[in-house]
Amino acid sequence: KNQVEQSPQSLIILEGKNCTLQCNYTVSPFSNLRWYKQDTGRGPVSLTIMTFSENTKSNGRYTATLDADTKQSSLHITASQLSDSASYICVVSSYSSASKIIFGSGTRLSIRP
Amino acid sequence: DGGITQSPKYLFRKEGQNVTLSCEQNLNHDAMYWYRQDPGQGLRLIYYSQIVNDFQKGDIAEGYSVSREKKESFPLTVTSAQKNPTAFYLCASSMSGGLSYNEQFFGPGTRLTVL
């Protein structure tokens with residue numbers, strides 16, 4: 001069964017600290033993995049996309065890693081800011097139709113001053 | 001101002017009523033999608049459309065209906081047959097639906113509450 005599991009479910013850190021969010025998946029055949037940021041009451045916005053051959057990709061203070069062998073990805077946030085408070089969703093796509101895009105349930109990140 | 005819009009932002013419905021959620025995009029995207037988001041769960045696909053006048057059921061289509069008469073518009077009707085319609089509904093679009101590499105752009109969402 002195609003699944004995307006994220007951990008932790010929620011995380012609270014102090015402003016300025018770093019954190020790492022985890023994503024494990026069993027989607028096959030694998031096409032790509034995206035990390036989205038979703039502010040409360042808004043639609044998700046794409047942060048990064050990674051394909052099978054990519055190990056690391058950065059977008060400002062966000063760095064995503066991918067290990068296609070172990071089917072794991074992480075999102076590292078450096079020097080957190082209050083505006084980083086949001087849900088972060090891992091999304092894995094398969095080489096197939098739209099119905100093969102699997103969303104994780106997200107990690108709710110709260111940054112405290 | 002390009003993008004994808006949804007209306008209304010909040011919607012209240014009495015049991016037994018049908019309601020229609022609007023989704024419009026001016027990105028010239030071929031594919032459009034409707035998702036449902038519930039607390040603690042990942043987004044679940046309701047319906048998607050890869051081209052005008054064509055759409056397919058997603059994983060949880062029962063109790064919902066859609067139409068795609070125009071490229072820019074993909075309205076979702078929540079019918080009285082949907083047993084638990086209270087949720088946050090997200091519309092998305094992408095350049096095409098056949099290639100999962102294409103980024104999906106999401107609207108701001110509609111929160112539907114059944115009274």
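Residues numbered from 1 in each chain as written. Chains lettered and ligands numbered in written order. Predicted model: local features only at pLDDT ≥ 70, side-chain atom pairs only at ≥ 80, totals over all residues. Heavy atoms only, no water.

## Considering the overall build of chain A
Stated precisely, the cut-off is as follows: Only DSSP runs of H or I covering at least 4 residues are called helices, and only runs of E covering at least 2 are called strands; the numbering of each starts at the N terminus. Our radius of gyration looks at C-alpha atoms and nothing else; its globule reference is 2.2 Å times the residue count to the power 0.38. Buried residues are those whose accessible area, probed at 1.4 Å on protein chains only, stays under 20% of the maximum for their type, while exposed residues exceed 50% and partly exposed ones sit between those limits. Note on contacts: a residue pair qualifies if any of its non-hydrogen atoms lie within 4.5 Å across the two residues. Using a 1.4 Å probe, the Shrake-Rupley method yields the accessible areas, and only the shown protein chains count as cover for residues. Think of it this way: Lys and Arg go in the positive column, Asp and Glu in the negative one, and His and the chain ends go nowhere. For charged residues, the charge sits on one atom: NZ in Lys, CZ in Arg, CG in Asp, CD in Glu.
Secondary structure assignment for chain A yields 0 helices and 11 strands. Element order for chain A, N to C, with α for helix and β for strand: β-β-β-β-β-β-β-β-β-β-β. Against the compact-globule benchmark of 13 Å for 113 residues, chain A has a radius of gyration of 14 Å, which places it among compact chains. Overall, the C-alpha framework of chain A stretches about 45 × 30 × 20 Å when taken along its three principal axes. By the burial criterion, 48% of the 113 residues in chain A qualify as buried. Counted over contacts in chain A with a minimum sequence separation of 6, partners at least 24 positions apart contribute 56%. Per element, the accessible surface of chain A, about 5300 Å² overall, is 48% carbon and sulfur. Mean positive and mean negative side-chain charge positions of chain A (11 and 7 charges, respectively) differ by 6 Å.

## What to know about the interface of chain B and chain A
Defined as follows: Summed over both partners, buried area is the accessible surface (1.4 Å probe) that two parts give up on being assembled. Put simply, a salt bridge is a Lys or Arg side-chain nitrogen that is within 4 Å of an Asp or Glu carboxyl oxygen. A 3.5 Å cut-off defines polar contacts: any pair of N or O atoms within that distance qualifies, except that in protein one atom must be a possible hydrogen donor and the other a possible acceptor, and neighbouring residues in sequence count only when both atoms are side-chain atoms. Residue classes follow a fixed rule: Ala, Val, Leu, Ile, Met, Phe, Trp, Tyr, Cys and Pro count as nonpolar, while Asp, Glu, Lys and Arg count as charged, and any other residue, Gly among them, counts as polar.
Listed by partner, the interface residues are 22 residues for chain B and 23 residues for chain A. Both faces combined, the contact of chain B with chain A buries some 1700 Å², and carbon together with sulfur accounts for 54% of it. Our count for the contact surface shared by chain B and chain A stands at 0 salt bridges. Summed over the shared surface of chain B and chain A, the result is 3 residue pairs in polar contact (both at pLDDT 80 or more). Elements with a contribution of two residues or more to the side of chain B that touches chain A: strand 4 (31-37), strand 5 (44-51) and strand 9 (87-94) of chain B. Tallied by class, residues from the side of chain B that touches chain A come to 10 nonpolar, 10 polar and 2 charged.

## Considering the packing of aromatic side chains
Note the threshold: Aromatic pairing here means that ring centres of Phe, Tyr or Trp (its six-membered ring) are within 6.5 Å. Orientation follows from the plane angle: under 30 degrees is stacked, over 60 is edge-to-face, and everything else is tilted. Lysine NZ or arginine CZ positioned within 6 Å of the ring centre and within 35 degrees of the ring normal marks a charge as sitting over the ring.
The tally for this structure, following the rule as stated, stands at 9 aromatic pairs over all chains. Relative to B:F106, the ring of A:F103 lies with its centre 6.3 Å away and its plane at 80 degrees, an arrangement referred to as edge-to-face. Residue A:F103 is found in strand 10 (residues 101-103), and its partner B:F106 is found in strand 10 (residues 105-106); the two belong to separate chains. Given a relative accessible area of 11%, B:F106 falls into the buried group. Among the aromatic side chains, those forming a connected cluster through ring pairs are A:Y36, A:F103, B:Y33, B:Y35 and B:F106. The ring of A:Y62 has A:R61 sitting right over it, with the charged end atom 5.8 Å from the ring centre. One residue, B:R68, lies across the ring of B:F74, its end atom 6.0 Å from the ring centre.

## Details of the state of the cysteines
Residue and element names in this part refer to chain A. Going by this rule: Criterion for a disulfide: a pair of cysteine sulfur atoms within 2.5 Å.
Within this structure, the stated rule accounts for 2 disulfides over all chains. Between the sulfur of C23 and that of C90 lies a disulfide, 2.0 Å long from S to S. Residues C23 and C90 share a disulfide whose torsion about the S-S bond is about -70 degrees; that sign makes it left-handed. Here C23 is found in strand 3 (residues 19-25), whereas its partner C90 is found in strand 9 (residues 86-94), with 67 residues between them in sequence.

## Remarks on the pattern of salt bridges
Residues and elements named next belong to chain A. With the rule as written, the count across this model stands at 5 salt bridges over all chains. R61 serves as the salt-bridge partner of D84, at 2.8 Å between the closest nitrogen and oxygen. One end of the pair, D84, is in the loop between strand 8 (72-77) and strand 9; the other, R61, is in the loop between strand 6 (56-59) and strand 7 (62-67), with 23 residues separating them in the sequence. With relative accessibility at 1%, the residue D84 sits in the buried group. Here R61 falls in the partly exposed class, since its relative accessible area comes to 24%.

## Topic: the environment of A:L66
Tracing the backbone shows A:L66 in strand 7. It is 9.3 Å that separates the C-alpha atoms of A:L66 and A:C23, two residues lying 43 residues apart in sequence.

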